[in-house]
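# Secondary and tertiary structure notes
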Amino acid sequence: MSDYRVEEDTIGPVKIPSEALWGPQTERSRNNFPTGQFMPIAIIRALLQIKKAAAEANQELDQISTEKGQLIIRAIDELLSLSDEDLRKDFPLRVYQTGSGTQTNMNTNEVVAHEAAKLDDSIEILPNDDVNHGQSSNDIFPTAMNITASVAVKELEDSAQHLIDELKVKQDKYWRTVKIGRTHLQDATPLTFGQEISGWVSMLEHDLGYLKSLDGTLLELAMGGTAVGTGLNAAPGFADDIAARMSKVYGPAFTAKTNKFYGLAAHSNLDVVHGAMKTLAADLMKIANDVRFLASGPRAAYAELNIPANEPGSSIMPGKVNPTQAEAITMAAVRVMGNDVVVTMASSQGNFEMNVYKPVLIDAFLESAELLRGTMTGFADKMIHGLTVNEERMEELVDNSLMTVTALSPHIGYHDSAKIAQQADQDGTTLRVAALKSGKVTAEQFDEWVDPLKMTNIDRK
């Protein structure tokens, strides 16, 4: 048996691996564009779901026969039942191909047609005329982009909520645990660790709110625009039918009632949502850095927090524990920030009726969503969940701080309070010793006024 077969497209004959389900256009792309990562499997599954919905809609609208429509649906169901690993075998194309995603669309059409032939070769299913009926790569690929982006963002939102929930547990537990505050990387007045965490929680709640407020912008589908947005060769009602079916498959309320010229030429929706993901990444960077710096030590740094020992931290230093979950999430944040440049630049490259940076745009978008989702889950479960505080160290740093002198200002004035702090620093004594030495404050007054817990206003209504 030959290890290849020959098929023809409009350009001419092409040799294709004999066992492959793809056809000549896929094979040409596979050889012409061998560089970079594979097209995300989520896009492949979305394209299959869209084509299944298209076959169902085309049957109802009398655009294709019931026999052909049912065979296409059977073939797609077979493909959708495969694992990602097995499905990938017949979807070998890369992100860096034609900017419309046409070759991946044709890859899908060819694989469905060949799978249909395996199931029943008495009914001819053609990739372009049947599987792609009423569709263009120019509207089906951006439809798949929005669907996969919407699903990915929902999963990201769930992960963000999970991290918020874990942080709230620690916020409540340490609500009255006093520690020193820091501004400009210098000592400041006290606060509680619970208050500090509440700031992190609020950051994430705001970020989650930004994402959710933009959910609707991803629900507009370009389906029905076909080649340039006019809807040529798509039957009336075809796009609305597909949008309704996609809503049943994926959950969100997708709509085809949108400007198709916008849907093909612009990806402003993906750009603005990715901007919200970048904002989330920036806040995660701050939170993870705070945690790992406060846990630095255990004996030569801040050492206010104890982090879980998830794995050995060094190949040479025995017993070392590193903040690896924080490192992972901050690296992911950096990647997302870089991806935001990719998404913005790609989104800007709509020329006339078509944006031709679609594959790299959705690849960057999906990578960002998955990186943040996964590293947030790990950070929540493997760092925040097991986080504890070193209360003795926190108390020591508060007691030795000079900035609690701020509580004296309302009573003896800013100038005299500053002199006390400077004298304590110069003498290497505690603030209490310097305050009593100044003669401006009695021991009773100092103990009443300089109460670290009271300074946090934790009981203020």
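Presented here is an overview of the structure given in this document. None of the values given here were measured: they were computed from a predicted structure.

What counts, and where the lines are drawn
Residues numbered from 1 in each chain as written. Predicted model: local features only at pLDDT ≥ 70, side-chain atom pairs only at ≥ 80, totals over all residues. Heavy atoms only, no water. Helix = DSSP H or I, 4+ residues; strand = E, 2+ residues; numbered from the N terminus. Rg over C-alpha atoms; globule rule 2.2 N^0.38 Å. Buried < 20%, exposed > 50% of the residue type's maximum accessible area, 1.4 Å probe, protein only. Contact = heavy atoms within 4.5 Å. Salt bridge = Lys/Arg side-chain N within 4 Å of Asp/Glu carboxyl O. Axes fitted to C-alpha atoms, helices over the stretch in contact; angles between N-to-C directions. Parallel < 35°, antiparallel > 145°, perpendicular 65-115°, else oblique. Left-handed = near helix turned anticlockwise from the far one by under 90°. Nonpolar A, V, L, I, M, F, W, Y, C, P; charged D, E, K, R; others polar. Expected span 1.5 Å × (residues − 1).

### Some remarks on the overall build of the protein chain
From N to C terminus, the protein chain includes 19 helices and eight strands. A compact globule built from 461 residues should have a C-alpha radius of gyration of about 23 Å, whereas the protein chain, at 30 Å, is more than 25% larger. Here the C-alpha coordinates of the protein chain stretch approximately 100 × 50 × 35 Å along the principal axes. Across the 461 residues that make up the protein chain, the buried fraction comes to 50%. Considering only contacts in the protein chain between residues 6 or more positions apart, those separated by 24 or more positions represent 73%.

### Section: the environment of Thr255
You can see Thr255 is positioned in the loop between α9 (238–250) and α10 (260–265). Considering only alpha carbons, one finds Thr255 and Asp240, 15 residues apart in sequence, at a separation of 6.9 Å.

### A closer look at the pattern of salt bridges
Taken as a whole, this structure holds 26 salt bridges when the rule is applied. Ionic pairing is found between Glu196 and Lys179, a salt bridge with its closest N-O pair at 3.0 Å. Here Glu196 is found in helix α8 (residues 193–213), whereas its partner Lys179 is found in strand β3 (residues 178–183), with 17 residues between them in sequence. This pair shows no difference in class: Glu196 is buried, exactly as Lys179 is. With a closest N to O distance of 3.6 Å, Asp340 and Lys278 form a salt bridge.

### A few points about the packing of helix α7 (residues 137–173) against helix α13 (residues 358–384)
As a packed pair, α7 and α13 sit with axes 9 Å apart at the nearest point and diverge in direction by 15 degrees. Relative to α13, the element α7 lies roughly parallel. Remark: the crossing between α7 and α13 carries left-handed chirality. Residue composition of the contact of α7 with α13, grouped by class: 21 nonpolar, five polar and six charged.

### Side note on helix α5 (residues 102–119)
Residues lying three or four places apart along an α-helix face the same way, a consequence of the helix completing one turn every 3.6 residues. For α5, built from 18 residues, the straight-helix expectation of 26 Å at 1.5 Å per residue is met to within 8% by its first-to-last C-alpha distance of 26 Å. Across the 18 residues of α5, 13 count as buried, placing the element largely inside the fold.

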